[in-house]
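# Notes for the structure review
Listed below are the residues making up each chain.
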There are 2 protein chains.
Amino acid sequence: MKIEPRTLKGFRDFLPKGARKRSYVLETLKRVFESYGFEPLETPALEYEEILSGKYGEEGDKLMYKFTDNGDRKVALRYDQTVPLARVVAQYQNDLPTPFKRYQIQNVWRAENTQRGRYREFLQVDADIVGSYSPLSDAEVISVVIKSLEKLDFKNFKITVNDRANFAGVEPQAILTIDKLKKIGKDSVLKELEEKGLPVTLLDEILSKTLNDKLKTIIDVLKDQRVVFDPSLARGLDYYTGLIFEVEVDGYDVGSIAGGGRYDNLIGMFAGRDIPAVGFAFGFDRLIEAMETLNLFPTDLYTTKVLAAFANSDLQEKALKIANDLRNKNINSEVYPEDVNLEKQLKYADRKQIPFVVIVNENNLVLKNMRERTQEELNFDQILEKLK
Amino acid sequence: MKIEPRTLKGFRDFLPKGARKRSYVLETLKRVFESYGFEPLETPALEYEEILSGKYGEEGDKLMYKFTDNGDRKVALRYDQTVPLARVVAQYQNDLPTPFKRYQIQNVWRAENTQRGRYREFLQVDADIVGSYSPLSDAEVISVVIKSLEKLDFKNFKITVNDRANFAGVEPQAILTIDKLKKIGKDSVLKELEEKGLPVTLLDEILSKTLNDKLKTIIDVLKDQRVVFDPSLARGLDYYTGLIFEVEVDGYDVGSIAGGGRYDNLIGMFAGRDIPAVGFAFGFDRLIEAMETLNLFPTDLYTTKVLAAFANSDLQEKALKIANDLRNKNINSEVYPEDVNLEKQLKYADRKQIPFVVIVNENNLVLKNMRERTQEELNFDQILEKLK
């Protein structure tokens with residue numbers, strides 16, 4: 001029986017071209033996170049179901065991948081990285097520094113309705129500071145987000161900030177409606193409030209809120225024009241207890257590509273006491289999409305920089321030596337392993353988006369620039385010079 | 001009800017200290033793989049069960065994590081990276097270059113008996129060349145392994161090679177016994193052959209095999225004294241069809257830390273035709289263990305290089321500025337976010353294995369080397385100079 005090669009709905013293969021882009025973004029983010037002292041944490045894909053269930057509301061329990069393993073244990077696949085972080089903080093209390101600054105970049109699984117353009121396996125990129133109430137920590141996580149965006153070459157973006165305290169006493173339904181202000185406009189918000197039987201005066205009440213002392217301190221520390229107070233920002237009905245923020249990028253209006261805030265009552269769930277925390281997450285798929293839309297990926301995201309091509313079979317060994325010499329100079333290079341003609345080798349370079357080919361002839365070397373479609377005869381040292 | 005924070009048997013958390021080591025090894029390996037033109041590939045954690053089942057023998061089907069998802073699909077967790085590679089090769093035939101050189105570094109899940117020191121979730125590190133019959137490809141994968149080990153600072157190791165063709169016509173039971181030669185010695189092998197009712201002359205027959213032309217070509221291309229022919233090497237009852245090889249490291253005798261070979265009848269399983277392939281895998285946990293045993297990890301695997309410490313609360317803001325200036329010079333640095341005394345900040349640095357502390361005093365800066373327990377008064381530029 002022939003089995004059709006296919007993937008599950010909502011699950012993706014990342015072929016080299018896409019995987020390369022993901023790597024580029026992840027390496028950039030990791031470098032920034034680590035430059036601020038955030039350290040890597042990894043937790044298992046499978047957890048005891050009791051660790052995860054009931055932590056994500058009704059919808060979460062429904063969308064979670066759960067099953068019984070061979071040992072009759074009820075297990076579930078990672079659904080986010082915050083509950084595992086809470087477990088880690090309780091389980092290794094004495095082994096972790098305080099504050100504990102960790103980043104975590106792993107897949108999560110949710111049996112979402114894929115019709116809505118959602119994936120069932122997707123990467124989460126989280127960074128959090130656990131164990132600090134200081135507004136300096138609030139400012140730091142925003143600073144990490146700003147630096148990350150700058151390193152990824154985003155030019156025009158805005159960080160809107162608010163304090164969940166500004167919604168104290170407001171009904172959840174009203175918060176959800178007001179949170180949509182930017183998307184649907186003032187008139188629609190007023191209409192929705194009315195339809196829901198909520199006081200329409202609420203909107204103006206919320207919009208008239210001003211910066212409180214905590215937000216002022218955070219904004220003062222950051223000294224960045226792009227950090228803007230927005231009293232209507234609510235970040236849904238989340239677990240936030242203080243600062244909340246979101247990132248909007250000019251030219252990409254699908255939604256915010258990062259967001260976060262302070263949540264002081266969540267991380268202690270397994271430890272049995274309140275543990276403060278502040279952090280953020282990048283929406284990784286959105287981040288990639290925004291970078292595609294704004295053309296922010298470097299044009300030269302290749303793996304191999306040089307294909308050492310042989311003009312005829314007798315020169316394949318010489319090509320191998322040249323590739324090796326290039327590699328020793330930290331230039332990624334390879335040789336086509338079969339005995340084929342030059343045309344086929346050039347096609348391979350094209351296919352793999354290799355930007356340079358060194359054609360190894362009997363008596364000389366020719367460096368071919370595959371993007372500019374130019375070529376010139378050079379010696380090895382000159383080639384090195386050109387490629388540096 | 002208080003839920004105990006715990007992980008499933010065979011599953012591991014990697015706290016920063018361990019995660020840092022894993023990162024160091026993975027980044028080194030990726031760099032080497034890419035220097036030879038191997039490109040990243042990622043496949044989903046979950047596959048249709050029919051894609052995986054029956055591909056790993058009876059034991060594999062037993063150890064595989066399988067369940068029925070919310071949509072009533074029979075699914076299974078990734079069990080290795082070779083079957084997904086075969087699926088990818090069939091599914092995207094027209095989008096991939098030939099040869100297709102890919103590396104893949106993802107977790108796999110096997111419900112192993114953890115008593116044997118095995119894990120149920122572990123990282124696989126594979127690199128393969130698909131679509132080439134050339135012995136140059138065989139030589140290249142060995143070359144990648146050698147370069148990887150050198151970059152990880154392994155000094156004394158040996159790559160034993162053989163050709164599965166040397167076992168043509170030999171009974172599987174005899175192969176398994178002879179494969180144990182190095183572990184149990186000649187006498188025990190002869191005894192086991194006898195006990196199994198197999199001809200004891202088989203051992204000498206196998207040991208008298210000499211290098212065939214293919215192995216000769218491969219060894220000639222590599223020109224490396226550490227590549228040694230061993231006619232008793234069989235690599236279990238695997239799917240290999242030509243070259244097989246294993247890596248032994250002096251001073252670490254738990255087993256080989258990498259192995260691979262040519263398998264020309266496997267990758268075509270979904271494409272419906274033979275597709276040649278040659279590759280290898282690092283045993284990642286063993287690799288880490290070997291590096292621990294041989295002390296190969298750099299002593300300075302830190303995340304934060306400098307803690308900017310404030311002598312009193314008024315200086316915290318100045319410390320923030322200095323940390324930021326260091327960061328802009330590509331030096332990872334941070335500031336303790338709460339208002340605490342110097343002692344507590346130094347303890348934090350110790351805990352996080354931060355190698356340097358810059359103490360920000362009213363009128364000067366003091367650079368403290370946390371490893372050597374020395375300190376000196378310096379200006380910012382001198383500090384930069386010291387830290388470069």
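The structure under discussion appears in the preceding block.
The structure reproduced in this document is the subject of the present report. Treat the numbers as computed from the prediction; the structure is a model and nothing was measured.

### As for the overall build of chain A
- Across its full length, chain A carries 14 helices and 16 strands.
- With respect to the three principal axes, the spread of C-alpha positions in chain A is 85 × 55 × 45 Å.
- The buried share of chain A, taken over its 388 residues, is 57%.
- By element, 45% of the accessible surface of chain A is carried by carbon and sulfur atoms, the whole surface being about 17000 Å².
- Taking the average location of the 57 positive side-chain charges in chain A and that of its 62 negative ones, the two points are 2 Å from each other.

### Some points on the sheet that holds strand S14 (residues 356–360) of chain B
All names here are of chain B.
- Judged by pairing direction, the sheet is mixed, and its five strands sit side by side in the order S13-S12-S14-S15-S16 without closing on themselves. Each of the sheet's edge strands pairs with one partner strand only, and the pair in question is strand S13 (333–334) and strand S16 (374–378).
- With five bridges joining them, S14 and strand S15 (residues 365–369) adopt antiparallel strand pairing. Within S15, the residue paired with Val357 across the bridge is Lys368.
- In this fold helix H12 (residues 316–328) packs onto strand S12 (306–310), S13, S14 and S15, with an angle of close to 160 degrees to the strand it touches most, S12.

### Some details on the sheet that holds strand S5 (residues 100–109) of chain B
All names here are of chain B.
- Taking strand neighbours across the sheet as the criterion, the eight strands line up as S1-S5-S6-S11-S10-S9-S7-S8 in an open arrangement whose pairing is mixed. The open sheet has two edge strands, strand S1 (39–40) and strand S8 (227–229), and neither has a second partner.
- The sheet contact formed by strand S7 (residues 157–163) and strand S9 (residues 243–249) spans seven bridges and is antiparallel. Bridging from a neighbouring strand, Phe157 pairs with Val249 of S9.
- Across the face of the sheet, helix H5 (residues 135–151) comes into contact with S5, strand S6 (121–130), S7, S8, S9, strand S10 (258–262) and strand S11 (277–283) while running at roughly 20 degrees to S11.

### Description of the side chain of Thr303 of chain B
- Counting through the fold element by element, Thr303 of chain B comes out in the loop between helix H11 (284–293) and S12.
- Within the local environment of Thr303 of chain B, its side chain forms a polar contact with the side chain of Glu39 of chain A, the two groups lying 2.9 Å apart.
- Beyond its immediate chain neighbours, meaning those up to four positions away, Thr303 of chain B contacts Glu34, Gly37, Phe38, Glu39 and Pro40 of chain A together with Arg20 and Asn332 of chain B.

### So, the relation of the copies chain B and chain A
- If you rotate chain B by 180 degrees and push it 0.0 Å along the axis, it lands on chain A with an RMSD of 0.0 Å. In the structure described here, the two chain copies are related by an operation that fits a two-fold rotation axis. In terms of C-alpha distance to the rotation axis, chain B has Phe67 of chain B as its closest residue, with the C-alpha 3.2 Å off the axis.
- Of all interface residues in chain B, 99% are interface residues in chain A too; the two copies therefore contact each other through one and the same surface.

### Thoughts on the packing of aromatic side chains
- Within this structure, the stated rule accounts for 23 aromatic pairs over all chains.
- A centroid spacing of 4.5 Å and a plane angle of 45 degrees characterise the contact between Tyr56 of chain B and Tyr79 of chain B, whose relative ring orientation is tilted. You can see Tyr56 of chain B sitting in the loop between helix H2 (49–52) and helix H3 (57–63) and its partner Tyr79 of chain B sitting in the loop between strand S4 (74–77) and helix H4 (82–91), a full 23 residues away along the chain.
- What makes Tyr56 of chain B buried here is its relative accessible area of 18%.
- Through successive ring pairs, a cluster of aromatic residues spans Phe11, Tyr65 and Phe67 of chain A together with Phe11, Tyr65 and Phe67 of chain B.
- Against the face of Phe38 of chain A rests Lys101 of chain A, its NZ or CZ located 5.2 Å from the ring centre.

### A short note on the interface of chain B and chain A
- Tallying the contact residues gives 90 residues for chain B and 89 residues for chain A.
- With both sides pooled, the region where chain B packs onto chain A buries about 7900 Å², and carbon together with sulfur makes up 55% of that total.
- When the buried area of chain B at its contact with chain A is split by residue, Arg6, Leu8 and Glu42 of chain B rank highest and sum to 9% of it.
- Where chain B touches chain A, the interface holds ten salt bridges.
- In the side of chain B that touches chain A, the residues fall into 40 nonpolar, 19 polar and 31 charged.

### Quick word on the side chain of Lys352 of chain A
- In this fold, Lys352 of chain A is placed in the loop between helix H13 (342–351) and strand S14 (356–360).
- With relative accessibility at 3%, the residue Lys352 of chain A sits in the buried group.
- In contact with Lys352 of chain A, other than residues within four places in its own chain, are Arg20, Thr304 and Glu334 of chain A together with Gly37, Glu39, Pro97 and Lys101 of chain B.

### A look at the packing of helix H1 (residues 16–35) of chain A against helix H5 (residues 135–151) of chain A
Residue and element names in this part refer to chain A.
- Two elements in contact, H1 and H5, have axes separated by 9 Å at closest approach and are oriented at 140 degrees. Viewed along their axes, H1 and H5 adopt a mutual orientation that is oblique. For H1 against H5, the interelement crossing comes out right-handed. Together, Tyr24, Thr28, Leu29, Val32 and Phe33 of H1 and Val144, Lys147, Ser148 and Lys151 of H5 make up the contact between the two elements.
- Partitioning the contact of H1 with H5 into residue classes produces five nonpolar, two polar and two charged.

Conventions and cut-offs
- Residues numbered from 1 in each chain as written.
- Chains lettered and ligands numbered in written order.
- Predicted model: local features only at pLDDT ≥ 70, side-chain atom pairs only at ≥ 80, totals over all residues.
- Heavy atoms only, no water.
- Helix = DSSP H or I, 4+ residues; strand = E, 2+ residues; numbered from the N terminus.
- Buried < 20%, exposed > 50% of the residue type's maximum accessible area, 1.4 Å probe, protein only.
- Areas by Shrake-Rupley, 256 points an atom, 1.4 Å probe, with all protein chains shown as cover.
- Lys, Arg positive; Asp, Glu negative; His and termini not counted.
- Charge placed at Lys NZ, Arg CZ, Asp CG, Glu CD.
- Pairing = 2+ DSSP bridges.
- Contact = heavy atoms within 4.5 Å.
- Axes fitted to C-alpha atoms, helices over the stretch in contact; angles between N-to-C directions.
- Polar contact = N/O pair within 3.5 Å; in protein donor to acceptor, adjacent residues only side chain to side chain.
- Least-squares fit on C-alpha atoms with pLDDT ≥ 70 in both.
- Phe/Tyr/Trp six-rings, centres within 6.5 Å; stacked < 30°, edge-to-face > 60°.
- Lys NZ or Arg CZ within 6 Å of the ring centre and 35° of its normal.
- Buried area = accessible area lost by both parts, 1.4 Å probe.
- Salt bridge = Lys/Arg side-chain N within 4 Å of Asp/Glu carboxyl O.
- Nonpolar A, V, L, I, M, F, W, Y, C, P; charged D, E, K, R; others polar.
- Parallel < 35°, antiparallel > 145°, perpendicular 65-115°, else oblique.
- Left-handed = near helix turned anticlockwise from the far one by under 90°.

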